[in-house]
Amino acid sequence: MGEELRQILERHDGRFVSGEEISRALGKTRAAVWKQVQGLRKRGYSIEGTRGEGYRLVGKPDLVEPGELSSRLPPETIFRAFEHFPVTDSTNSRATGLAEKGAPEGTVVTADEQTSGRGRMGRRWVSPPGLNLYVSLLLRPPIEPVRAPQMTMLTAVALAEGVEDACNVPVRLKWPNDLYLDDRKCAGILAEMSADPDRVRHVVIGVGLNVNGTENDFPEELRERATSLRILAGRTFRRIDVLAAFLARFERAYATFLSEGSLRSFLPAWERRSLLTGRRVLLRIRDEEVRGTAAGVDETGTLRFLRDGSREEESVCSGEILEFER
Ligand code: BTN
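Quick caveat: nothing in here was measured; it's all calculated off a predicted structure.

Colleague: Looking at this structure, how should I read helix α5 (residues 91-100)?
Modeller: For an α-helix the count is 3.6 residues per turn, leaving residues at separations of three or four pointing the same way. For α5, the complete set of buried residues consists of T91, N92, A95, L98 and A99. Considered in projection along α5, the buried side chains sweep an arc of 125° and stay on one side of the axis. Contacts from the buried residues of α5 go to β3 (81-85), β4 (107-111), β5 (133-139), β8 (184-195) and β9 (200-209). Looking at where α5 begins, the residue whose side-chain oxygen comes 3.2 Å from the main-chain nitrogen of N92 is S90. Looking one or two places after α5, you find G102, whose phi comes out positive at around 95°.

Colleague: For this particular structure, what's the right way to read the site of the ligand?
Modeller: If you check the shell around the ligand, you find 20 residues, and the closest are S90, Q114, R118, R120 and K185. Between the ligand and Q114, the relevant distance is 2.9 Å, taken from a nitrogen atom to a side-chain nitrogen or oxygen of the residue. Measuring from an oxygen atom of the ligand, one finds a side-chain N or O atom of K185 at 2.6 Å. For the shell around the ligand, the secondary-structure elements that each account for two or more residues are α5, β5, β8 and β9.

Colleague: Help me understand unusual backbone geometry in this model?
Modeller: Among all residues save glycine, negative phi is the norm, and among peptide bonds the norm is trans. Cis geometry marks the peptide bond from W175 to P176, where omega comes out at 0°. Relative to the assigned elements, P176 resides in the loop between β6 (172-174) and β7 (178-181). Phi at D182 is positive, roughly 50°, even though this residue is not glycine. Relative to the elements of secondary structure, D182 occurs in the loop between β7 and β8. One non-glycine residue with positive phi stands out, namely R286, at about 50°. Here R286 is to be found in the loop between β10 (280-285) and β11 (288-297). With relative accessibility at 71%, the residue R286 sits in the exposed group.

Colleague: What is the right way to look at the environment of T50 in this model?
Modeller: Tracing the backbone through its elements, the reader meets T50 in strand β1 (residues 46-50). When the C-alpha atoms of T50 and E4 are compared, they prove to be 20 Å apart, with 46 residues separating the residues in sequence.

Colleague: Even after reading the chapter, I still don't get the sheet that holds β8, so can you show me in this structure?
Modeller: Ordered by their spatial adjacency, seven strands build an open sheet running β3-β4-β5-β9-β8-β7-β6, and the pairing between neighbours is mixed. The sheet terminates laterally at β3 and β6, the two strands that pair on one side only. Each strand of the sheet is rotated relative to its neighbour by a mean of 20°, with strand direction disregarded. Across the sheet, α5 lies against β3, β4, β5, β8 and β9, angled at about 160° from β9, the strand it touches most. Sitting on the sheet, helix α6 (residues 150-167) is in contact with β5, β6, β7, β8 and β9, with an inclination near 35° to β9.

Colleague: I'm lost on the sheet that holds strand β13 (residues 314-316) in this one. Help?
Modeller: The strands that make up a sheet pair up through hydrogen bonds in the backbone, lying either parallel or antiparallel. Across the sheet, which stays open at both edges, the five strands sit in the order β13-β12-β11-β10-β14 with antiparallel pairing between neighbours. Sheet topology places β13 and β14 (320-324) at the edges, where each strand pairs with a single neighbour. Going from strand to strand, the sheet's axes swing by 50° on average, the running direction of each strand aside. Note: β10 against β11, six bridges, orientation antiparallel. Looking at the pairing, R280 lines up with T293 of β11.

Colleague: Explanation requested: the packing of aromatic side chains in the structure shown.
Modeller: Where two aromatic rings form a pair, the distance of their centres and the angle of their planes describe that pair. Per the stated rule, a full pass over the model turns up four aromatic pairs. With 5.9 Å between their ring centres and 80° between their planes, Y180 and F324 make a pair best called edge-to-face. Taken together, the positions of Y180 in strand β7 and F324 in strand β14 put the pair 144 residues apart, joining distant regions of the chain. Looking at Y180, the relative accessible area reads 8%, which means it is buried. Since its relative accessible area comes to 13%, F324 is described here as buried. Taken together, the aromatic side chains of F79, F246, F250 and Y254 make up a single cluster linked through ring pairs. Stacked on the ring of F85, the Lys or Arg R94 has its end atom at 4.5 Å from the ring centre.

Here is what the cut-offs are and how they apply
- Along each chain, numbering runs from 1 in the same order as the chain's sequence is written.
- Residue-level local features of this predicted model are given only where pLDDT is at least 70; pairs of side-chain atoms are given and counted only at 80 or more, and the full residue set underlies all totals for whole chains, interfaces and linings.
- In computing side-chain properties, one takes all heavy atoms of the structure into account and sets aside hydrogens as well as water.
- Summary of the burial criterion: residues with accessible area below 20% of their type's maximum are buried, those above 50% are exposed, and those between are partly exposed, where the area comes from a 1.4 Å probe applied to protein chains only.
- Comment: elements are numbered from the N terminus, with helices defined as DSSP H or I runs of at least four residues and strands as E runs of at least two.
- This arc is taken over the directions from the axis of the helix to the C-beta atoms.
- In what follows, a contact means two residues having at least one pair of non-hydrogen atoms within 4.5 Å.
- For this analysis, a polar contact is any N or O atom pair within 3.5 Å, provided that within protein one partner can donate a hydrogen and the other can accept it, and provided that sequence-adjacent residues contribute only side-chain to side-chain pairs.
- In these notes, residues near a molecule or strand are those with any non-hydrogen atom within 4 Å of it.
- By definition, two strands form a pair when at least two bridges between them are found by DSSP.
- Note on geometry: axes are lines fitted to C-alpha atoms, helical ones only across the stretch in contact, with angles between N-to-C directions running from 0 to 180 degrees.
- Only the six-membered ring of Trp is used, alongside the rings of Phe and Tyr, when aromatic pairs are assigned; centres must lie within 6.5 Å, and planes under 30 degrees apart are stacked while those over 60 apart are edge-to-face, with the rest tilted.
- Only lysine NZ and arginine CZ atoms are considered, and such an atom sits over a ring when it is within 6 Å of the ring centre and within 35 degrees of the ring normal.

Below, the structure is given as structure tokens:
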């Protein structure tokens, strides 16, 4: 309700638009328009109204609303179905549930708060209300299951580019799929897949991005290691601006990935932002902890790693960076 009115006000970019013009455009009476204005105000939109001039939008709330999100994406977008939850357990769980019920590729699930946000390696993802982005994308890529993990890397590149577009801050990438601002983590990606032996049924890509939290919003044990866009930039951001920029970047990256069949085109964008390349790291591979130097990533998303004492690089498909040289 009120989406068309919101769009009219938005198009006028802070200028007045008369009640008469709105009522004509919406095909509604002036009283019905006024009701919709009240509805938008209740949702946090700040709308000035004067008898002579009409209405104008002077402030927008930091809401991730499907109507606004969809109006910000290009008409040919793959992102057409949106589910937003004020509170949910985990957007990845919700997206998986929707996938199992046949929801289409391009379904976007968002939440204002998660009560059981999940991270990699069975960790929890701290998900307080109203501050951050918690979003899951449902995709049905026509690829073999072994290639699905590569999608985290293209997501990381698209997220870094989207954040840079919307917030003008430099983002760094840490293999396999973390985003850093300076030397602290600001976002993580959790991809979960359902597949038959020869084909992917669906992939859910979950993104948690710390946007407007301050240090006090992080639990004490994370304060040294985690950060947010607000902490780095010294200002807040509308979450929907960051999300729209990410989805626009993701969509292009996904199309390239499917048409080229590899991550090759993403390597320069990755390496430019890479936090680890050329640095000494402590890596856990299965149950083993090994020290060495990260040498970069290849077009399958694998880490090239030179173990201390070895002359030959090895390829690490999955592992965890326990420590890295700063
Ligand atoms: C990581 O461990 O770095 C990955 C974190 C992924 C968190 C996001 S928040 C949205 C989506 N829903 C979840 O439960 N997890 C992912």
